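# Chains, contacts and geometry: an overview
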Amino acid sequence: MTYDNTDADSDGVIEADIDNDSVNTGQTVTGSLSADVSAASKPLDARKANVSLDDIFQTYTAIGDPYQDGNANEYPTIIHAASAFDNPLSDWYIYTSPYSTTEVKLFHTDDPESLPWTSYGTVLTAESGSSQADSPNVVYVPEANEVRMYYHEVGPGTTGVGSQHTLLATSPESEDGTSWTKQNGTFALPGLDGQRNGKWDDNERTYASVVRDGSGFKAVYMGRDLEANERGIGMAWSPDGKDWTTMRRPIAWGNLQPNWDPQTSLDIGGPSIFRLGGEIVITWNTDADHRALTWESAKTAKGPEDTVVLPDKMNMLSGDVASNGTEAYVVTKQEIATLDWGDYL
């Protein structure tokens, strides 16, 4: 099964119009990507300077396994809890769900480099009949006085077409982040549910990673089609973080697609999105490596040549980035690490 790689959707709207930007369809991405680097959690005053993403990623320094519980915590999210909750258990939180389990768990600490982190236990459980509650991703929304958790469930416990959907839970900023309320019951977020409409992601829209962009929200997710069971990485935009518009085509896909080298795209997944100052950065993994590009360049990316290959030491499988304005931490599969952003924070 192949998919149209053109920019116009069936209604004639250019894909990138979802964020009111224009598309230069002749754009190519070469050399180093650059970014203004600033804090990644609660909005902070930031000193900005132009810096290469390649240079930043080279400063990735692993600390170790923050969980040490014997589970495969593959899709974690990190937040500076002291910037988001009024009464946090500790300064830093990691929410994670061991793969193919039905619970989201919380780990917390005041010192991210002191291992292991303290385990709080379960904060969210899948609906009855669902076989999985996975890939939590938390975003602080101060104007709504809440922290939001995007996650997905699998199976008959969820409501909607397709087999896997992105759901939403919220926790008040006035509390401690251990109590979460599911929004809209088990119904998937509009736009992030499988539509069974013949598109490349008509069976699954999951593993969503979300970032604030001004007053709106941007996201990346893993999509899967029903016919060929083929994975891809999609982009989405929302004015409120609840109703989503997706781009027509994936920005990266597996080896059934003719424009990608099957030797570097045998399988694909683990998308992440985070802000480095003036740029929004997207990462994902393949069987062979981990890749990155900016939101802007992703609109017109045609193949691996338009991406940055991350250093081997970075295991950015659904990695998440957070900062308190002084230190920046990355949480990835089984690992907490630092990025030395220095004066760029």
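Please refer to the structure placed before this passage.
Before going into details, it helps to say that this report is about the structure given with it. Note that the structure is predicted; figures quoted are calculated from it, not measured.

Criteria and thresholds
- Residues numbered from 1 in each chain as written.
- Predicted model: local features only at pLDDT ≥ 70, side-chain atom pairs only at ≥ 80, totals over all residues.
- Heavy atoms only, no water.
- Helix = DSSP H or I, 4+ residues; strand = E, 2+ residues; numbered from the N terminus.
- Buried < 20%, exposed > 50% of the residue type's maximum accessible area, 1.4 Å probe, protein only.
- Contact = heavy atoms within 4.5 Å.
- Pairing = 2+ DSSP bridges.
- Axes fitted to C-alpha atoms, helices over the stretch in contact; angles between N-to-C directions.
- Core = buried A, V, L, I, M, F, W, Y, C linked by side-chain atoms within 4.5 Å.
- Salt bridge = Lys/Arg side-chain N within 4 Å of Asp/Glu carboxyl O.
- Phe/Tyr/Trp six-rings, centres within 6.5 Å; stacked < 30°, edge-to-face > 60°.
- Lys NZ or Arg CZ within 6 Å of the ring centre and 35° of its normal.

## So, the overall build of the protein chain
- Across its full length, the protein chain carries 2 helices and 23 strands.
- The 345 residues of the protein chain split such that 57% are buried.
- Residue pairs in contact within the protein chain that sit at least 24 positions apart in sequence constitute 56% of those at least 6 positions apart.

## Thoughts on the sheet that holds strand S3 (residues 61-64)
- Across the sheet, which stays open at both edges, the 4 strands sit in the order S3-S23-S22-S21 with antiparallel pairing between neighbours. The sheet terminates laterally at S3 and strand S21 (320-323), the two strands that pair on one side only. Neighbour-to-neighbour, the strand axes of the sheet open up by a mean angle of 30°, direction not taken into account.
- One ladder, built from 4 bridges, connects S21 with strand S22 (residues 328-332); its direction is antiparallel. Bridging across to S22, Ser323 finds its partner in Ala328.

## Notes on the pairing of S22
- Buried residues dominate S22, accounting for 5 of its 5 residues.
- Burial of the side chains of S22 extends over both faces: Ala328, Val330 and Thr332 are buried on one face and Tyr329 and Val331 on the other.
- Pairing between S22 and strand S23 (residues 335-338): 4 bridges, direction antiparallel. For Val331, the partnering residue across the bridge sits in S23 and is Ile336.
- The turn joining S22 and S23, which pair antiparallel and follow one another in sequence, is formed by 2 residues; a positive phi near 60° is taken by Gln334.

## Brief notes about the environment of Gln58
- Tracing the chain through its elements places Gln58 in helix H1 (residues 53-58).
- The class for Gln58 is partly exposed, based on a relative accessible area of 48%.

## A short note on the nonpolar core
- Core analysis: the largest hydrophobic core is formed by 19 residues, its most contacted members being Ile79, Phe85, Tyr95, Leu124, Val147, Met149 and Trp180.
- Secondary-structure elements contributing two or more residues to this core are strand S5 (92-96), strand S6 (103-109), strand S7 (118-125), strand S8 (132-141), strand S9 (146-154) and strand S10 (164-172).
- Sort the elements by how many residues they give to this core and S9 lands first, with 3 residues.
- With residues up to four places along the chain from it excluded, the contact list for Val147 reads Ile79, Ala84, Phe85, Val138, Val139, Tyr140, Ala169, Thr170, Ser171 and Trp180.
- Ranked by size, the runner-up nonpolar core spans 16 residues in total, among them Val220, Ile233, Trp295 and Ala301.

## Examining the sheet that holds S6
- Strand order in the open sheet formed by 4 strands is S4-S5-S6-S7, and the pairing between neighbours is antiparallel. Sheet topology places strand S4 (77-80) and S7 at the edges, where each strand pairs with a single neighbour. Neighbour-to-neighbour, the strand axes of the sheet open up by a mean angle of 25°, direction not taken into account.
- As paired strands, S6 and S7 are joined by 6 bridges and run antiparallel to one another. Bridge pairing in S7 places Lys105 opposite Thr122.

## Examining the side chain of Lys105
- Relative to the assigned elements, Lys105 resides in strand S6.
- Look past the residues within four positions of Lys105 in its chain and what remains in contact with it is Ile94, Tyr95, Thr96, Gly121 and Thr122.

## Points about the pattern of salt bridges
- Following the criterion strictly, the structure yields 11 salt bridges and no others.
- The salt bridge involving Lys182 is made with Glu127; its shortest N-O contact spans 2.6 Å. Taken together, the positions of Lys182 in strand S11 (residues 181-182) and Glu127 in the loop between S7 and S8 put the pair 55 residues apart, joining distant regions of the chain.
- Take Glu127: its relative accessible area is 29%, and that puts it in the partly exposed class.
- Arg224 serves as the salt-bridge partner of Glu204, at 2.8 Å between the closest nitrogen and oxygen. Here the residue Glu204 occupies a position in strand S12 (residues 204-213), and Arg224 occupies one in strand S13 (residues 216-224), the gap between them amounting to 20 residues.
- Judged by its relative accessible area of 14%, Arg224 falls in the buried class.
- When salt bridges with common partners are traced through the structure, they connect Glu127, Glu153 and Lys182 into a single cluster.

## Describing the environment of Val139
- Summarising the element assignment, Val139 is placed in strand S8.
- For Val139, a relative accessible area of 6% corresponds to the buried category.
- Distance in space between the C-alpha atoms of Val139 and Ala84 is 9.1 Å, their sequence separation being 55 residues.

## What to know about the packing of aromatic side chains
- Evaluation of the coordinates by the stated rule reveals 8 aromatic pairs.
- Taking the centre distance of 4.7 Å and the plane angle of 50° together, the rings of Tyr75 and Tyr207 count as tilted. In this pair, Tyr75 sits in the loop between S3 and S4 while Tyr207 sits in strand S12, placing the two residues 132 residues apart along the sequence.
- The exposure class of Tyr207 is buried, given its relative accessible area of 8%.
- With 5.5 Å between their ring centres and 90° between their planes, Tyr95 and Trp180 make a pair best called edge-to-face. With Tyr95 in strand S5 and Trp180 in the loop between S10 and S11, this pair connects stretches of sequence that are 85 residues apart.
- The exposure class assigned to Trp180 is buried, which follows from its relative accessible area of 11%.
- An aromatic cluster of at least three residues, connected via ring pairs, comprises Phe85, Tyr93, Tyr95 and Trp180.
- Seen from the ring of Phe217, Arg212 lies directly overhead, with NZ or CZ sitting 4.3 Å from the centre.

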